[in-house]
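Survey of secondary and tertiary structure
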Amino acid sequence: MLKGKVAIVTGGTRGIGYAIVEKYLENHAAVVLCGSRQETADKAVAQLKAARPDYPVEGIAPDLADYESVKAAFDGVRERYGRIDILVNNAGVSSSEPLSAYTPELFRKVMSLNVDAVFCCIRAVYDAMAAQGSGCILNTSSMVSRYGQPRGVAYPTSKAAINGLTLSLARELGPMGIRVNAVAPGVTNTDMMKAVPQDVITPLINQIPLRRIGEPEDLANAFLFLASDAAAYITGEILHVDGQARS
Ligand code: NAD
């Protein structure tokens, strides 16, 4: 479904991001995955190549919230591959402190990766996509962007910002042939869930009509569809992949 396309996936070293990278490779994209450290990016690439040595995948580790760092890294991708077709903004952090323990520094840390970095990455691929007259930007929102959550205020705030950014840039970039969508995962089985207390997760599962939490592959399938030409007329969508969970 992605033959000939070049994709960048942030946070591609584990969890949902790793599943997206695998899915894109299986569908014949060339993939550049971003890790928070070069070492973890290299490890993820080695793991993928162990399964399929011919996979066209490499790992980079720019500081995602630093525009100059991202721009230099993504310009390098453009030079090596000649184009950038898909950007998946998947890297994210969560925290579940109550407001009484929430510091301005923690709030800034979550907003920095979940919002500022998404802007930096989009801004850094813009020139390439505008010159091509085509491109696909996929952001990662969350179920809690709609419903909020009982503690950890920066996280749902950051994901609501992602919804606004997605809707606005879809309008601005649509005329240039660039589609902008978001996927909003529900409770998904990754390391990030370890930060969420069990007393929050159990009631959530009981309320999910499909009676299970999501697997990374459930999300990767949505990211595949939206990146593919099968979604050529879809932009400005926030696709909820959450078993109809309601928190
Ligand atoms: P995860 O913690 O398993 O993986 C997070 C990824 O982000 C990792 O690859 C990590 O390297 C990267 N990352 C973390 N900090 C970074 C930094 N400072 N710089 C660069 N990269 C960094 O998380 P996940 O569950 O796979 O989440 C992926 C996305 O899905 C996130 O945006 C998250 O907010 C969103 N999401 C997850 C869930 C869930 O239940 N797991 C629910 C809703 C939304």
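To be clear, the structure that these remarks concern was listed above.
Residues numbered from 1 in each chain as written. Predicted model: local features only at pLDDT ≥ 70, side-chain atom pairs only at ≥ 80, totals over all residues. Heavy atoms only, no water.

Our focus in this paragraph is the overall build of the protein chain. For the protein chain, the count of helices and strands is eight helices and seven strands. Taken against the 2.2 N^0.38 rule, which gives 18 Å for 247 residues, the C-alpha radius of gyration of the protein chain at 17 Å falls within 12% of a compact globule. Each of the three principal axes of the protein chain carries a C-alpha extent, and together these read 50 × 35 × 35 Å. For the protein chain, buried positions account for 51% of its 247 residues. Of the contacts formed within the protein chain by residues at least 6 apart in sequence, a portion of 74% connects residues at least 24 apart. Put simply, the protein chain shows about 11,300 Å² of open surface, and 54% of that area lies on carbon and sulfur atoms. Charge centroids of the protein chain, computed over 24 positive and 25 negative side chains, lie 4 Å from each other. (Helix = DSSP H or I, 4+ residues; strand = E, 2+ residues; numbered from the N terminus. Rg over C-alpha atoms; globule rule 2.2 N^0.38 Å. Buried < 20%, exposed > 50% of the residue type's maximum accessible area, 1.4 Å probe, protein only. Contact = heavy atoms within 4.5 Å. Areas by Shrake-Rupley, 256 points an atom, 1.4 Å probe, with all protein chains shown as cover. Lys, Arg positive; Asp, Glu negative; His and termini not counted. Charge placed at Lys NZ, Arg CZ, Asp CG, Glu CD.)

Glancing now at the site of the ligand. Close contacts around the ligand come from 26 residues, with Ile16, Asn90, Tyr155, Thr188 and Thr190 the closest. Residue Thr13 places a side-chain N or O atom 2.9 Å away from an oxygen atom belonging to the ligand. Between the ligand and the protein, one listed contact pairs an oxygen atom with a backbone N or O atom of Thr188 at 2.8 Å. In the complex, the protein chains occlude 89% of the 830 Å² of accessible area that the ligand would expose alone. Of all elements in the fold, only helix H1 (15–26) and helix H6 (154–173) reach the threshold of two or more residues within the shell around the ligand. Looking at the shell around the ligand residue by residue, the class counts come to ten nonpolar, 13 polar and three charged. (Near = heavy atom within 4 Å. Polar contact = N/O pair within 3.5 Å; in protein donor to acceptor, adjacent residues only side chain to side chain. Nonpolar A, V, L, I, M, F, W, Y, C, P; charged D, E, K, R; others polar.)

Where helix H4 (residues 104–132) contacts H6, the axes come no closer than 8 Å and their chain directions differ by 15°. If you check the angle between H4 and H6, you find them roughly parallel. Helix-helix and strand crossings are classified by hand; for H4 and H6 the assignment is right-handed. Counted together, Phe107, Val110, Met111, Asn114, Val115, Val118, Ile122 and Tyr126 of H4 and Ala154, Tyr155, Thr157, Ser158, Lys159, Ala161, Ile162, Leu165, Leu169 and Leu173 of H6 form the full contact between these two elements. Grouping the amino acids of the contact of H4 with H6 by side-chain chemistry returns 14 nonpolar, three polar and one charged. (Axes fitted to C-alpha atoms, helices over the stretch in contact; angles between N-to-C directions. Parallel < 35°, antiparallel > 145°, perpendicular 65-115°, else oblique. Left-handed = near helix turned anticlockwise from the far one by under 90°.)

Turning to the packing of H1 against helix H2 (residues 38–51), a few remarks are in order. H2 packs onto H1 with a crossing angle of 40° between their chain directions and a minimal axis gap of 12 Å. In terms of their interaxial angle, H1 and H2 are classed as oblique. Where H1 crosses over H2, the two elements pack in a sense that is right-handed. Taken together, the residues of H2 that come into contact with H1 (itself represented by Tyr18, Val21, Glu22 and Leu25) are Ala44, Gln47 and Leu48. A per-class count over the contact of H1 with H2 returns five nonpolar, one polar and one charged.

Everything listed here is a matter of geometry and, on its own, says nothing about what the molecule does.
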